Protein chains: 2
Amino acid sequence: MSHIVELLAVGTELLLGNTVNSDAQMLARELSALGLNVYYHSVVGDNPERLSQSVELAKSRADVIITTGGLGPTCDDLTKKVVAQSFGKAMVYHPECADAIRSYFACSGRAMTENNLQQAWLPEGCTVLENRWGTAPGCAFQSGRHFVVMLPGPPRECIPMFKEAAAPWLSQLSEGVICSHTLRIFGWGESQVESLLRDRMNELTNPTLAPYAKEGEMELRITAKAADQAAAEALIAPVEREVRGLLGDLIYGTGEDTLEKVVLEGMKARGLTLGTAESCTGGLIAKRVTDLPGSSAVLRGGVVSYTNEVKTNVLGVSRQLLEEQGAVCAEVARAMAQGARRVLGCDAAVSATGVAGPDRDERGNPVGLVYVALAAPDGCWVRKLNLAGASDRRDRVRIMAANHALDMIRRWLAGLEIERI
Amino acid sequence: MSHIVELLAVGTELLLGNTVNSDAQMLARELSALGLNVYYHSVVGDNPERLSQSVELAKSRADVIITTGGLGPTCDDLTKKVVAQSFGKAMVYHPECADAIRSYFACSGRAMTENNLQQAWLPEGCTVLENRWGTAPGCAFQSGRHFVVMLPGPPRECIPMFKEAAAPWLSQLSEGVICSHTLRIFGWGESQVESLLRDRMNELTNPTLAPYAKEGEMELRITAKAADQAAAEALIAPVEREVRGLLGDLIYGTGEDTLEKVVLEGMKARGLTLGTAESCTGGLIAKRVTDLPGSSAVLRGGVVSYTNEVKTNVLGVSRQLLEEQGAVCAEVARAMAQGARRVLGCDAAVSATGVAGPDRDERGNPVGLVYVALAAPDGCWVRKLNLAGASDRRDRVRIMAANHALDMIRRWLAGLEIERI
């Protein structure tokens, strides 16, 4: 029989939006990796009635219940008591937990208030989950068909405790593993990919095939459930081959890849250096590359040429060209990239010039018109983009322009047609 | 009668932990500000049965139901259909929505696949919530005691749509108003602010006073509940005066202000121009300034000088200085800012040079050591930062360095002591 998991987070600070429920995200990933199906995430406040109703609800629709939060020393930390009541268990004092709490304070040199010892009371017959990252111990127990795990709320306690103590305890339940491969796609929207793959997505059950729209790009996830990793991979492989055959070089990476990561690694592997010349993107391309550790091995520098004077004085773009054609044209994009190559002394340079909005430029060019260029030893390429959408989507115009600049480098590195969009 | 709100997020990617449910956090904040009580957050996958059970559950325990996600063009986008069924409503085709979707694609120059028009089907008699940030329109309707709002999942669409369209529709439910003033603070941590204000925070009930830690900064929210706006403002005013008296010029703005916004507006108001010279921040400062519409009136440009050659060749930093003292020192920060002023021809320029990590630099400078400088007509100032606390977080070192650079400009514009941290 396959298990159904509910994650129940307890805390008014979550309900009010003062904290984001990142525990749910991280636990959900860990649980999927154990092959357990998470069907529900719930959040309820520090209120005894509603908490107890939420526990009853979880019992009715799930057989694995994992709570986060409400294990602390203060009077609104109710989780253990309410859950114990719901399962008809008495609370038992654990002297060894009390000692652990005392020594935790001793080590951190802080005075311990008595209410901290309340954390040493746990439901009878439970397995204690030691908390080496904070004071509140967690616990786990089975009751009839239900398996219950209680973890503290702070992610830096909750997540390591889950991995170290809860996951081993839960592994008794896991039937095989869920394994997923993510393909990263740039150049097509969700609806295009979905219309190409709809039939297969509907046919496939194991593995499943699902598209997700990301910021200016797409990911396609192939997820298989099997007895072990190898069997899951074997289910995924043919579907991945099929999808790669259909999408070809629209697929720029897998897993946690990003366009900037693929570009950085590709340049580094070839010992090449990179530079940027940014007008409408205003530093975003350089910022994204330098977000990555090790970028100093590849990025020599960049120029944010927001004014024509800087385009001319720093990048050497012809003043006449700017006067005749304006800053937003293919020739200026090309001249910016070539200028950056020369001034920064790098092997390849990308540039972006366009209208990020919210208004048309002084020449009446529409918001979203952007020219992106790549200058390399073997040539110079330009893409003309029309990124208009709602005119107040300045951030999106900039992100897409940066994505295209990075995509051009990625295609140049891979020897693919560069101007194709 | 006081309303009870449930937030129901729909999406298997949330259940599996591939995405964090940030919509719930942001909507919860907005709803609290409307005086509505959020009692439950739930997440359910793209599964018709479980989704419909979750809707029934929400109907049974809440009277305001706000769904996020599942409005898109793909076959696993079920929310509108399932919710309409549960409330016995037929789905109606909205030609004006179809036109909006078509023109969205027309503007963005992308081909529209037919499945996108599925998004134009909405429950009968609903109020359409226009989506100017994406393709899927939202909707809102009342049915008996229930008020239902459906929003798309991507935060970039969900949050602005809520503020622009859903919040006004929901305001019919709020009894009285909840009004809040946010003070933005840079230079102190949450614990410092909290220890200064703890007693007042505990005493105050209406208005309440609450600190929130932001990325590298702080906000302090004063929230009052009253019959009308004027009465709420009257409750807030004295507390705001008191807090301003205590925190003084650590408060750099209010409401939606950001350091870059305050800097941009301050420079624009004085007709001053800005430039940047960035090493460890790699373009982040220029990127943040150019995130803002109208930045072209102020920012002339920037140089990302990731290598010493660029520092020397483009910014004119003395090669000897770099050889003798290395790139990470006060003198280089100063020379970079002054070089940027000269090369970019701007009134004021900021620079940042330091070790973002993950590793010490070749001279053994520790991760988090950053020098930030401001060069202006009336002088040049440097801040030495030790951001080691964030040594595990390259992005945080960069964000804090950028914050300090912007804070120095903000203080220069306001005639305040600039090097104070």
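Everything that follows concerns the structure shown earlier in this document.
Because the structure is a prediction, the values reported are computed rather than measured.

Calculation rules
- Starting afresh in each chain, residues are numbered from 1 along the sequence in its written order.
- Whichever chain is written first is A, and whichever ligand is written first is 1; the rest continue in order.
- Residues qualify for local features only when their pLDDT is at least 70, as the model is predicted, and side-chain atom pairs are given and counted only at 80 or more; totals for whole chains, interfaces and linings, by contrast, use all residues.
- The basis for every side-chain value is the complete set of heavy atoms in the structure, and neither hydrogens nor water enter the calculation.
- Two strands qualify as a pair provided DSSP detects at least 2 bridges between them.
- Helix and strand assignments follow DSSP, with helices taken as H or I runs no shorter than four residues and strands as E runs no shorter than two, numbered in order from the N terminus.
- Axis lines are fitted to C-alpha atoms, over the contacting stretch for helices. Their N-to-C directions set the angle, which ranges from 0 to 180 degrees.
- Only heavy atoms enter the contact rule, under which two residues are in contact if any of them lie within 4.5 Å.
- Working rule for helices: expected span equals 1.5 Å times residues minus one.
- Relative accessible area decides the class of each residue, using a 1.4 Å probe on protein chains only: under 20% of the type maximum gives buried, over 50% gives exposed, and in between gives partly exposed.
- Distance and chemistry together define a polar contact, namely a pair of N or O atoms within 3.5 Å, with one atom able to donate a hydrogen and the other to accept it when in protein, and with adjacent residues in sequence counting only for side-chain atoms on both sides.
- Accessible surface is computed with a 1.4 Å probe, and the buried area is the amount of it that two parts give up when combined, taken over both parts together.
- Take a side-chain nitrogen of Lys or Arg and a carboxyl oxygen of Asp or Glu: if they are within 4 Å of each other, that pair is a salt bridge.
- Here the word oblique covers every angle except those under 35 degrees (roughly parallel), over 145 (roughly antiparallel) and from 65 to 115 (roughly perpendicular).
- By convention the crossing between two helices is left-handed if the near helix lies anticlockwise of the far one by an angle smaller than a right angle, and right-handed if it lies clockwise.
- Three classes are used, and their members are as follows: Ala, Val, Leu, Ile, Met, Phe, Trp, Tyr, Cys and Pro are nonpolar, Asp, Glu, Lys and Arg are charged, and the others, Gly among them, are polar.

Let us now look at the sheet that holds strand S12 (residues 251-254) of chain B. Residue and element names in this part refer to chain B. One open sheet accounts for 4 strands, arranged S10-S11-S9-S12; its pairing is antiparallel. Each edge of the open sheet is held by one strand with a lone partner, namely strand S10 (208-214) and S12. When the angles between neighbouring strand axes are averaged without regard to direction, this sheet yields 25°. Bridge count for strand S9 (residues 177-185) against strand S11 (residues 217-226) is 9 bridges, and the pairing is antiparallel. Its bridge partner being in S11, Thr-182 is matched across the sheet by Arg-221.

Residues and elements named next belong to chain A. Spatial strand order, S10-S11-S9-S12: 4 strands in an open sheet with antiparallel pairing. Both outer strands of the open sheet, strand S10 (208-214) and strand S12 (251-254), are each paired with one neighbouring strand and no more. Strand-to-strand, the axes of this sheet are offset by a mean angle of 25°, without reference to chain direction. Across 3 bridges, the pairing between strand S9 (residues 177-185) and S12 is antiparallel. Each residue of the ladder has a partner; that of Arg-184, found in S12, is Gly-253. Sheet contacts for helix H7 (residues 190-203): S10 and strand S11 (217-226); angle to S10, the most-contacted strand, approximately 170°.

Residues and elements named next belong to chain A. In this model helix H3 (residues 48-61) runs 20 Å from its N-terminal to its C-terminal C-alpha over 14 residues, within 8% of the 20 Å that 1.5 Å per residue would give. Among the residues making up H3, those that are buried are Arg-50, Leu-51, Ser-54, Val-55, Leu-57, Ala-58, Lys-59 and Arg-61. Structurally, the start of H3 carries an N-cap: the backbone nitrogen of Glu-49 is 3.1 Å from a side-chain oxygen of Asn-47.

Now for the interface of chain B and chain A. Many authors give the size of an interface as the accessible area that is lost as the parts come together. At the junction of the two partners, chain B supplies 72 residues and chain A supplies 74 residues. Between chain B and chain A, a total of about 5,900 Å² is buried, with carbon and sulfur atoms accounting for 53% of that surface. The salt bridge involving A:Asp291 is made with B:Arg398; its shortest N-O contact spans 2.7 Å. Between chain B and chain A we count 33 residue pairs in polar contact (both at pLDDT 80 or more) in total.

All names here are of chain B. Running from amino to carboxyl end, helix H3 (residues 48-61) crosses helix H4 (residues 79-86) at an angle of 50°, the nearest separation of the two axes being 10 Å. Here H3 lies oblique to H4, going by the angle between them. Where H3 crosses over H4, the handedness of that crossing is right-handed. Between H3 and H4, the contacting residues are Pro-48, Leu-51, Ser-52, Val-55, Glu-56 and Lys-59 on the first element and Thr-79, Val-82, Val-83 and Ser-86 on the second. Taken together, the residues of the contact of H3 with H4 sort by class into 5 nonpolar, 3 polar and 2 charged.

Negative phi characterises most residues that are not glycine, and trans characterises most peptide bonds. Residue and element names in this part refer to chain B. That bond from Asn-206 to Pro-207 is cis: its omega, 5°, falls within 30 degrees of zero. Examined against the element boundaries, Pro-207 turns out to sit in the loop between helix H7 (190-203) and S10. Following Gly-357, the chain continues to Pro-358 via a peptide bond in cis, the omega torsion being 10°. If you trace the backbone, Pro-358 turns up in the loop between strand S15 (348-354) and strand S16 (369-376).

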